[in-house]
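Structural features, examined
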Amino acid sequence: METKLHSFLQSGLIDKYILGTATPSEITEVEHYISTYPEAEEEYMKLQDNLEILAKANAIEAPMFILDSIHEAIDEKPVISLEPKKVKSKTPWYKYSIAASIAAFVFAGAATMLYLQNQSLLKENQVVVDEIFDLRSDIEKNNSKLDDVMRQFMELNNPDTEKYVLRGNDRAKDLKTVAYINAKEKTSMIDVVSLPKLPENQTYQIWAELQDKMVNLGILDVANRKLKQIPYMEDALGLSITIEPKGNQNSASAENAVAEIALKNN
């Protein structure tokens with residue numbers, strides 16, 4: 001118990017009690033020790049005396065006319081002697097108010113921090129969700145491309161697919177295009193290998209030669225050098241690549257042809 005009392009006296013709780021800064025639990029503890037242990041009461045009284053001395057040392061002397069007025073007011077009035085009592089120091093109400101305000105600010109700050117952290121986590125989660133969505137979309141696109149490649153690969157390696165190489169004449173010596181036609185599956189594909197550059201107002205166009213007419217199958221673009229589908233034409237006798245004015249896709253003439261090839265009988 002002596003050790004407990006010694007620790008209490010060294011804790012500074014009596015100082016806080018006297019100055020009014022002790023918490024409710026600390027007030028209860030101090031008052032318990034003061035009422036139980038003479039040593040604690042003695043220390044309390046000593047600190048009270050010190051506080052009184054300090055207050056007097058820093059006090060400002062009142063003007064004489066005020067002191068005279070006080071003396072006149074209390075003159076001839078009996079002085080009642082009161083027994084000294086142990087006065088429990090009470091924490092001023094405003095200190096509780098300040099403590100409550102601080103607690104409110106701390107709580108508000110903590111709540112704001114948690115809110116901001118929650119918002120940050122929500123944003124991070126949304127980013128992850130978006131990335132997963134984009135990844136799924138990319139996977140779907142890649143799967144679609146892979147399906148196209150596999151389908152084209154199967155068509156190219158199908159025994160019923162015929163390969164036709166169209167090479168340019170003197171007007172387009174570097175032209176080379178490969179057509180793959182499967183009469184059984186009724187599919188046609190074309191691979192643009194190389195196309196000489198043309199003026200801005202001209203285009204390369206591929207045609208299917210039928211018995212009595214030419215049918216436009218599309219424009220060949222040097223910027224789009226990849227295997228692509230073209231319409232399959234039943235009973236086509238041959239394929240022809242011509243140089244036509246840009247915008248003209250309705251008719252073709254023999255003098256505009258730069259590559260031609262006959263097709264096998266289907």
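In this report, the structure presented in the accompanying data block is examined.

Conventions and cut-offs
- Residues numbered from 1 in each chain as written.
- Predicted model: local features only at pLDDT ≥ 70, side-chain atom pairs only at ≥ 80, totals over all residues.
- Heavy atoms only, no water.
- Helix = DSSP H or I, 4+ residues; strand = E, 2+ residues; numbered from the N terminus.
- Buried < 20%, exposed > 50% of the residue type's maximum accessible area, 1.4 Å probe, protein only.
- Contact = heavy atoms within 4.5 Å.
- Areas by Shrake-Rupley, 256 points an atom, 1.4 Å probe, with all protein chains shown as cover.
- 1 Å grid on protein atoms, 1.4 Å probe; cavity = no way out; pocket = protein on both sides within 12 Å on 5 of 7 lines; lining within 4 Å.
- Points joined across faces, edges and corners; volume = space filled by probe spheres on them.
- Nonpolar A, V, L, I, M, F, W, Y, C, P; charged D, E, K, R; others polar.
- Pairing = 2+ DSSP bridges.
- Phe/Tyr/Trp six-rings, centres within 6.5 Å; stacked < 30°, edge-to-face > 60°.

Topic: the overall build of the protein
Across its full length, the protein carries 6 helices and 8 strands. For the protein, the sequential pattern of α-helices and β-strands runs α-α-α-α-α-α-β-β-β-β-β-β-β-β. Expressed as a percentage of its 266 residues, the buried residues of the protein come to 26%. Expressed as a percentage of contacts within the protein between residues at least 6 apart in sequence, the contacts between residues at least 24 apart total 59%. Total accessible area computed for the protein in this model is approximately 19400 Å², and 57% of it derives from carbon and sulfur atoms.

So, the layout of surface pockets
The volume enclosed by the largest pocket comes to roughly 260 Å³. What lines the largest pocket is a set of 14 residues, among which L198, P199, Q202, D221 and V222 lie closest to the centre. Elements with a contribution of two residues or more to the lining of the largest pocket: β4 (202-209) and β5 (214-220). A total of 3 residues in the lining of the largest pocket trace back to one element, the largest contributor, which is β4. The residue inventory of the lining of the largest pocket, partitioned by class, reads 8 nonpolar, 2 polar and 4 charged.

Looking at the pairing of strand β3 (residues 187-194)
Counting buried residues in β3 gives 6 out of 8 residues, a clear majority hidden from the surface. Between strand β2 (residues 176-182) and β3, which follow one another and run antiparallel, lie 4 residues, and K186 among them has a positive phi close to 55°.

Looking at the packing of aromatic side chains
A complete count under the given rule lists 3 aromatic pairs for this structure. Ring plane angle 65° and centroid distance 6.0 Å describe the contact between Y17 and Y44, whose orientation is recorded as edge-to-face. One end of the pair, Y17, is in helix α2 (residues 13-19); the other, Y44, is in helix α4 (residues 38-57), with 27 residues separating them in the sequence. Classification of Y17 as buried rests on a relative accessible area of 3%. Judged by its relative accessible area of 6%, Y44 falls in the buried class. Aromatic ring contacts, followed pair by pair, group F8, Y33 and Y37 into a single cluster.

A short note on the side chain of T177
Inspection of the secondary structure puts T177 in strand β2. Judged by relative accessible area, which is 0%, T177 ranks as buried. Those residues in contact with T177, other than ones at most four positions away along the chain, are Y164, V165, L166, I190, D191, V192, V193, L195, L220 and I241.

Observations regarding empty space enclosed by the protein
A water-sized probe, rolled over the atoms, reveals where empty space remains. Scanning the entire structure with this criterion turns up 1 cavity of 30 Å³ or more. Around the largest cavity, the lining comprises 12 residues; the ones closest to its centre are I181, S188, M233, A236 and L263. In terms of residue class, the lining of the largest cavity is made up of 10 nonpolar, 2 polar and no charged.

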